[in-house]
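Spelled out, the chains give:
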Amino acid sequence: AGREPEQRPRPKKHFSRAALQACARLIRPLPRTARARRRTSGDRSTPHALDAAARAADVATAARGIDAAAQSANMEVSYKVRLEKQLEAGLCAVGRFDGNHPAVACAAGACGQVLLYDPHDELQVTTTSGAPPLRTLNFNKTITALDAGPLDPARTRAQAKTTRGVTPDENDDKVVRDVLLVGLGSALMVYDVDLNSDIFYRECPDGVFSCRFCTLQGTEQPLAVVGGNCSVVGFGWQGTELFWNVAGDDVRCVAPCEGDLLVGSDDYEIRIFRKEESIYEISEADKVVALCSLGKRGRFAFGLANGTVGVYKNNERRWRVKSKNALVALLATQTRDVAAGWSSGAVTLRSASNGQVLYRDTFDAPLCSLVCADLKLSGSVQLIAVGVDGEVRGYLPAVVERDTSKAEDDLRRKREIEQLQAEKRRLVGELRALEDQPQTPSDDAQGIPGDTQISLDVAAPVHGGGFELIVATSNETYVVGAVVLDTDGGLFDGETLSCAPARPTDKLGIIVRPKKNFPASLKLQIHVAARPMSTSIHVYEVDYKLPKFCRFYRVAEEVAQPSSWVKFDVPTNVQRVAQYLTQAFVSTEAVETEDNQVKAYYVGLDGSPLRVEATKDTTGTQVRVSTNDLATAAEVVQDISTALDVHELESEASFPDESRRLKETLEKVSTHNSIRVRLTAEMADGSSRVKALVLKAEDARLMADMPRMMRNYDELMRVNEGLIAEYNKRATNHEALLAALKQVNQVVQRASQLRVGKAKARVVADARRAIKKGDAAALLSLIATGRTGG
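Residue positions are given per chain, counting from 1 as you read along its sequence in written order. For a predicted model such as this one, the threshold for reporting local features is a pLDDT of at least 70, and the threshold for listing and counting side-chain atom pairs is 80 or more; totals across whole chains, interfaces and linings nevertheless cover every residue. The side-chain numbers reported here are obtained from all heavy atoms of the structure, hydrogens and water having been left aside.

Caption draft 1: Quick look at the overall build of the protein chain. Here a helix means four or more residues in a row that DSSP labels H or I, a strand means two or more in a row labelled E, and each is numbered from the N terminus. Of the regular secondary structure elements, the protein chain holds ten helices and 43 strands. Note on exposure labels: buried denotes an accessible area under 20% of the residue type's maximum, exposed denotes more than 50%, and partly exposed covers the range between, all computed with a 1.4 Å probe on protein chains only. Relative to its full complement of 790 residues, the protein chain shows a buried share of 48%. Residue pairs in contact within the protein chain that sit at least 24 positions apart in sequence constitute 59% of those at least 6 positions apart. Surface accessibility of the protein chain: about 38,800 Å² in total, with carbon and sulfur atoms responsible for 49%. We call two residues contacting when some pair of their heavy atoms lies within 4.5 Å. Note on areas: Shrake-Rupley, 1.4 Å probe, and residue coverage restricted to the protein chains presented here.

Have a look at this one:
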């Protein structure tokens, strides 16, 4: 202790020829990222700053050159195949359908075809055009989802051989064959490819937007999990329903994660279910279109409709990046890296730990999907990328076939990158210090005082649905403009807001209109000048964290009493509830307690009232939330339970308007179901009539009885027109039925969110049973008390 560190001479840095060539190729200017930056009409940089900027640019370019070389060497294409077929984006799966050889299954066209590519199938014959052999499966319906997996443990290779009359081998009874999961709009078909037979066919009234083979905690067998219209359903290998839960909107993706279930929906939410209970609900900036588990203690990757890709660990986001292209596929590789396929045809491989790009490749057409399998049976699992034009590429880590010298080159490149990055950071710091040095202003451009401070306040909501952020300076300077950047995205239309007043003053109001309640992070760039028309401005950056309920503003006057409410007890004091309200809502002052009571009044940007009242009782604090919107009440209950660390919560609620609408919706569901059954029977009778008329017309043609043939064809045309009309009626009725079921599922989901823990899971399970029975009274009781009352 107390010893000074030993002083050692700094070693000289030696860079490779590739690094020096990269420095010489291109020198790009470095962005000026200082917190306060000077913009002038002329160039006022000092020679030292210019020299530091040039050196930083050289180092950054060299690092990029070496990094790109390392990226291109991380993976390599092991094979390329062209199927010469147009495929549907996102509809691709890989499975061992015979228990031995992996095969790629892809949906092609809108007529319900699935193409199977198995390079080891000896029964297939290569076509005359030289394209690889394909096997075609016709389902005659639009395919909306596709996956493969070993759903039925009894479907082994020995069972398939016995069915075909072939003597099975000794180990064939231990090899389980994969089956194909096919979503057909409003039905799920589980298909045995090897035996060319259906395992089961289940109608799904909520639709099939996604399907996935999953093994979940609490289930004794694998499940075929279907994401539909605000619902998630899991079927066993016999077609029995073994899992059901609700979501806030259409479910676009599902994925298993270490026994849990990941669910992504159109309401920007990622939900993690453990058994029947939702353990995490994560809000994102856009619709969730892709999820995949990384298999490392709760880590998973996600993809959004706006091109964002990132990684979470449980409910904590580790990193994310955004692309201007649409995400098509997301996959975890064997090394637990994150592979993404894009609509531009790009394939990227990123590190799961920090999001660094490890490899890039580009297709001539948009990507269809990404899968992992040992398609060539080479002993190594390949990353397989499939394009919509039928091109298939397999990737292997380049280190598989490298010698020791190349591995040493990679290590040396990595060390050079680290040295260059350190040199870049040092030079950037030097550049910022030189830029921040005071400069003598000219007569035309006066500088602002060095003690200028920026303040940020929130004003009352303005007309048109929004509140105002007021930025002001601390002295006689002028705010000539401001830019608001939404770093999370999805809060308002676009990702930036800008404001430039015609007559600058020392204050500026920026109107913000959030589209949803979301705790977004805003970055404000405030442009300050000494005079209104000055050519020299300073840019100040201010960070502002929006509260969770950013669409509600606190008012001092008492608002009207809503007709609906929910009340519950929390095991804490009134002061903590007051602190929560101060942090969770837009407010200019803290919420105070009076006589162990809290009364806070809020007005939404749409004019809707919200009252939150808390009173001390024997068990802690009773909270009453009064609002006419069931969704808002559910959000408040979930957020306050999370903030106060409440894991179990029961509640009582009264939502008369919501209950009345639910009764009407259930009546619509019953009516639409009866119409559907009647129309299906009528169409079946019409189809039988069509077959009979076709046979009669063909008999008349063979007997040369032209008048009778014409009469049969005339009648056939009339029957066909009737079938088309009935089909249009059935399609319209089906859309109305889906809309009604969506409303019912949303009410169930919001009613469950009025509770926490076991009570929440109980509401979902009881609601499913009540919906099957058509018991409206039980559903209304679940909203009010969380129990069916039976």
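The structure having been displayed, the exposition proceeds.
Caption draft 2: Representation of the nonpolar core in the model. To qualify as a nonpolar core, a set must consist of buried Ala, Val, Leu, Ile, Met, Phe, Trp, Tyr and Cys residues joined through side-chain atoms within 4.5 Å. Counting 71 residues, the largest nonpolar core has V566, F568, L581, Y602 and L754 as its most contacted members. When residues in this core are grouped by element, the largest group, seven residues, is from helix α8 (residues 706-752). Core analysis: the second largest hydrophobic core is formed by 28 residues, V484, A520, Y540 and Y544 among them.

Caption draft 3: Spotlight on the packing of helix α7 (residues 656-702) against α8. Helix axes are fitted to C-alpha atoms over the stretch in contact, other axes to C-alpha atoms as well, and angles between N-to-C directions run from 0 to 180 degrees. Two elements in contact, α7 and α8, have axes separated by 7 Å at closest approach and are oriented at 160°. Between α7 and α8, the angle is such that the two are roughly antiparallel. Once α7 is placed against α8, the crossing between them reads as left-handed. Under the scheme applied here, ten amino acids are nonpolar (Ala, Val, Leu, Ile, Met, Phe, Trp, Tyr, Cys and Pro), four are charged (Asp, Glu, Lys and Arg), and all others, including Gly, are polar. Partitioned by chemical class, the residues of the contact of α7 with α8 number 24 nonpolar, nine polar and eleven charged. For classification purposes, angles smaller than 35 degrees are called roughly parallel, those larger than 145 roughly antiparallel, those between 65 and 115 roughly perpendicular, and all remaining angles oblique. Handedness of a crossing is defined here by the sense of rotation of the near helix relative to the far one, left-handed for an anticlockwise turn of less than a right angle and right-handed for a clockwise turn.

Caption draft 4: Spotlight on the sheet that holds strand β13 (residues 231-235). An order of β11-β12-β13-β14 is seen for the four strands of this open sheet, with the pairing classed as antiparallel. Edge positions in the sheet fall to β11 (210-214) and β14 (241-246), since each has one partner strand and no second. Strand after strand, the sheet turns through a mean of 20° between neighbouring axes, direction not considered. DSSP calls a pair of strands paired once it identifies at least 2 bridges connecting them. Note that β11 and strand β12 (residues 223-227) share five bridges and pair antiparallel. Directly across from S210, in β12, lies its bridge partner G227. Against the sheet, α8 engages β13 and β14, with an angle of about 80° to β14.

Caption draft 5: Quick look at helix α9 (residues 758-773). In this scheme, a helix's expected span is set at 1.5 Å multiplied by one less than its residue total. If you check α9, its first and last C-alpha atoms are 23 Å apart, about what 16 residues at 1.5 Å a residue would give, namely 22 Å. Among all positions of α9, only A759, K760, A761, V763, V764, D766, A767, R768 and A770 are buried. Elements in contact with the buried residues of α9: β14, β18 (277-283), α6 (630-643), α8 and α10 (776-785). Downstream of α9 by a residue or two, G774 has a phi angle that is positive, lying close to 70°.

Caption draft 6: Spotlight on the environment of F655. Mapping F655 onto the fold places it in the loop between β43 (651-654) and α7. The class for F655 is buried, based on a relative accessible area of 3%. Taking the C-alpha atoms as reference points, F655 and P562, 93 residues apart in sequence, are found 9.9 Å from one another. Those residues in contact with F655, other than ones at most four positions away along the chain, are S564, W565, V566, T627, D629, L630, A633 and L754.

Caption draft 7: Layout of the sheet that holds strand β8 (residues 179-183). Pairing within the open sheet is antiparallel, and its four strands lie in the order β7-β8-β9-β10. Across the chains shown, the open sheet's two edge strands, defined by having one partner strand only, are β7 (145-149) and β10 (197-203). For this sheet, the mean angle separating the axes of adjacent strands, direction not counted, is 15°. In this structure, strand β9 (residues 187-192) lies alongside β10, joined through six bridges in antiparallel fashion. Among the inter-strand pairings, L188 is bridged to a residue of β10, identified as R202.

Caption draft 8: Structural context of the side chain of T632. Mapped onto the secondary structure, T632 falls in helix α6. Beyond its immediate stretch of four places on either side in the chain, T632 contacts F552 and T627.

Caption draft 9: Main features of the pattern of salt bridges. What counts as a salt bridge is simple: a side-chain nitrogen of Lys or Arg found within 4 Å of a carboxyl oxygen of Asp or Glu. Using the criterion set out here, one finds 33 salt bridges in the structure. D364 is the partner of R82 in a salt bridge, and the nearest nitrogen-oxygen pair spans 4.0 Å. Taken together, the residues span a long stretch of sequence, with R82 in strand β2 (residues 75-82) and D364 in the loop between β26 (357-362) and β27 (367-373) at a distance of 282 residues. For D364, a relative accessible area of 69% translates into the label exposed. One continuous salt-bridge network, built from bridges that share partners, spans R82, D361, D364, D389, E391 and R393.

Caption draft 10: Region of the structure containing unusual backbone geometry. Look at N196: it is not a glycine, yet its phi comes out positive at around 55°. Mapped onto the elements, N196 comes out in the loop between β9 and β10. N196 gets classed as exposed once you look at its relative accessible area, which sits at 51%. Located in the positive-phi region is N596, a residue other than glycine, with phi close to 55°. Mapped onto the secondary structure, N596 falls in the loop between β39 (585-586) and β40 (597-604).

Caption draft 11: Geometry of the environment of A301. On the secondary structure map, A301 appears in strand β20 (residues 299-304). A301 sits in the buried class, given a relative accessible area of 0%. The spatial distance from the C-alpha of A301 to the C-alpha of A290 is 8.1 Å, given a sequence separation of eleven residues. Discounting residues that sit within four places of it in the chain, A301 has contacts with A290, L291, C292, L294, G310, V311, L330 and V338.

Everything listed is a geometric property; what it means functionally is a separate question.
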